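# Structural overview for review
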Amino acid sequence: MSKTGALLDKKVLVPRGRGQAKSFSKLVERYGGIPVEIPLIAFRPIEKIQRLQVCLEALDTYDWIIFTSNVTVDTFFSFYDRYATALPKIAVIGKRTAEVLQQKGIHPAFVPSAYVAEVFVEEFLPLVDDHAKILLPKGNLAREYIAASLTAAGAQVDEVVIYETYLPEESRLKLAQMLSENELDILTFTSPSTVDHLMVVVKEYGLEEQLKKCIIGCIGPVTEKKLLEYGLTVHASPEQYTVKDMMESTIAYLENEGGLNTS
């Protein structure tokens, strides 16, 4: 289905930061598109880490650590290096998260069959003993679903916010300019936060009409739900939650529709 040139020189928004955008952009180019890198989301470690320090000092008392993203992994280990405590078993959501861990020489004990919180909880619960102690490092905008579900099942879950999410100022200005000039054909979203941040710019600059001219693709049902809450049409949402599948789903839409309507 996906062949070289399938995106027909369409300009595709790549919403990831410098460290994560490269492979995404190469994929867009491979399919004949023009990647436009505008990070809609950036991360920075929180300044006050007293809560995390307490958890790290007691790390040997935990049965599991759950990592929900590669950002969580990288941020956690930027603090963990100060401690010599052995790690408990590790569960992850997402293929990329597992790969980042493996690059550190650490192999997760559990990876779900689908990379969403609901499937993670369903498949992870049988591995969790009553009163299991679980550490859940997360970002400031992370969902509460995993912690709430595991707690309801009898586990002790310690949630610790270790990084915060924000929209870079330079991205705000570039996005507003390109949308106002109809310079983006395809918008892709990799998390609900990327949707929220784009809509902040759209509403601030009154770009709702320009947004209607764009094809919209996303990863996963949670991101799709966020788009629908804003009243946006989702043209591509794949069953497998990867960038590659999202792009292939977008290409399938374009082929079925005969290209973009840019009038």
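Okay, so let's go over this structure. (Residues numbered from 1 in each chain as written. Predicted model: local features only at pLDDT ≥ 70, side-chain atom pairs only at ≥ 80, totals over all residues. Heavy atoms only, no water.)

The subject of this paragraph is the environment of His107. Relative to the elements of secondary structure, His107 occurs in the loop between α4 (95–103) and α5 (117–124). Considering only alpha carbons, one finds His107 and Ala91, 16 residues apart in sequence, at a separation of 9.3 Å. (Helix = DSSP H or I, 4+ residues; strand = E, 2+ residues; numbered from the N terminus.)

Turning our attention to the side chain of Lys133. Looking at the secondary structure, you find Lys133 in strand β6 (residues 133–139). Although Lys133 is buried, it makes no salt bridge; Asp158 carries the closest opposite charge, 4.6 Å away. Within the local environment of Lys133, its side chain forms a polar contact with the side chain of Thr61, the two groups lying 2.8 Å apart. When sequence neighbours within four positions are dropped, the list of residues in contact with Lys133 reads Thr61, Tyr62, Asp63, Trp64, Gln156 and Asp158. (Buried < 20%, exposed > 50% of the residue type's maximum accessible area, 1.4 Å probe, protein only. Lys, Arg positive; Asp, Glu negative; His and termini not counted. Salt bridge = Lys/Arg side-chain N within 4 Å of Asp/Glu carboxyl O. Polar contact = N/O pair within 3.5 Å; in protein donor to acceptor, adjacent residues only side chain to side chain. Contact = heavy atoms within 4.5 Å.)

Quick look at helix α2 (residues 50–57) now. Inspection of α2 places Leu52, Cys55 and Leu56 among the buried residues, and these make up the whole buried set. Down the axis, α2 shows its buried residues gathered within 100° of arc, on one side only. Those residues of α2 that are exposed and aimed more than 90 degrees away from the buried face are Gln50 and Glu57. Of the surrounding secondary structure, the elements contacted by the buried residues of α2 are α3 (70–80), β6 and β7 (156–166). (Arc of directions from axis to C-beta.)

Take the sheet that holds strand β4 (residues 64–67) next. Sheets are built from strands paired through backbone hydrogen bonds, the pairs being either parallel or antiparallel. Pairing in this open sheet of five strands is mixed, and the strands run β3-β7-β6-β4-β5 from one edge to the other. Looking at strand neighbours, the two that pair on one side only are β3 (42–45) and β5 (89–92), the edges of this open sheet. Strand-to-strand twist of the sheet, defined as the mean angle between neighbouring strand axes without regard to direction, takes the value 30°. Here β4 runs beside β6; their pairing, made up of two bridges, is parallel. Bridge pairing in β6 places Ile65 opposite Leu135. Here α2 sits on the sheet and contacts β6 and β7; the angle it forms with β7, its principal contact strand, is near 140°. (Pairing = 2+ DSSP bridges. Axes fitted to C-alpha atoms, helices over the stretch in contact; angles between N-to-C directions.)

For the rest of this paragraph, the subject is the pattern of salt bridges. A side chain with one charge may pair with a side chain of the opposite charge, provided their charged atoms come close. According to the stated counting rule, one finds 14 salt bridges in the structure shown. The partner of Glu164 in a salt bridge is Arg44, with the nearest N and O atoms 2.7 Å apart. Of this pair, Glu164 sits in strand β7 while Arg44 sits in strand β3, placing them 120 residues apart in sequence. The exposure class assigned to Arg44 is partly exposed, which follows from its relative accessible area of 38%. As a salt-bridge pair, Asp74 and Lys104 come within 3.8 Å of each other at their nearest N and O atoms.

Those residues of helix α10 (residues 220–229) that sit buried are Gly220, Thr223 and Leu227. All buried residues of α10 fall inside an arc of 45° around its axis, so they share one side. Residues of α10 that are exposed and point more than 90 degrees away from the buried face comprise Lys225 and Glu229. In the core, the buried residues of α10 are packed alongside β8 (186–189), α8 (192–205) and β9 (215–218). Positive backbone phi, approximately 80°, marks Gly231, located one or two places after α10.

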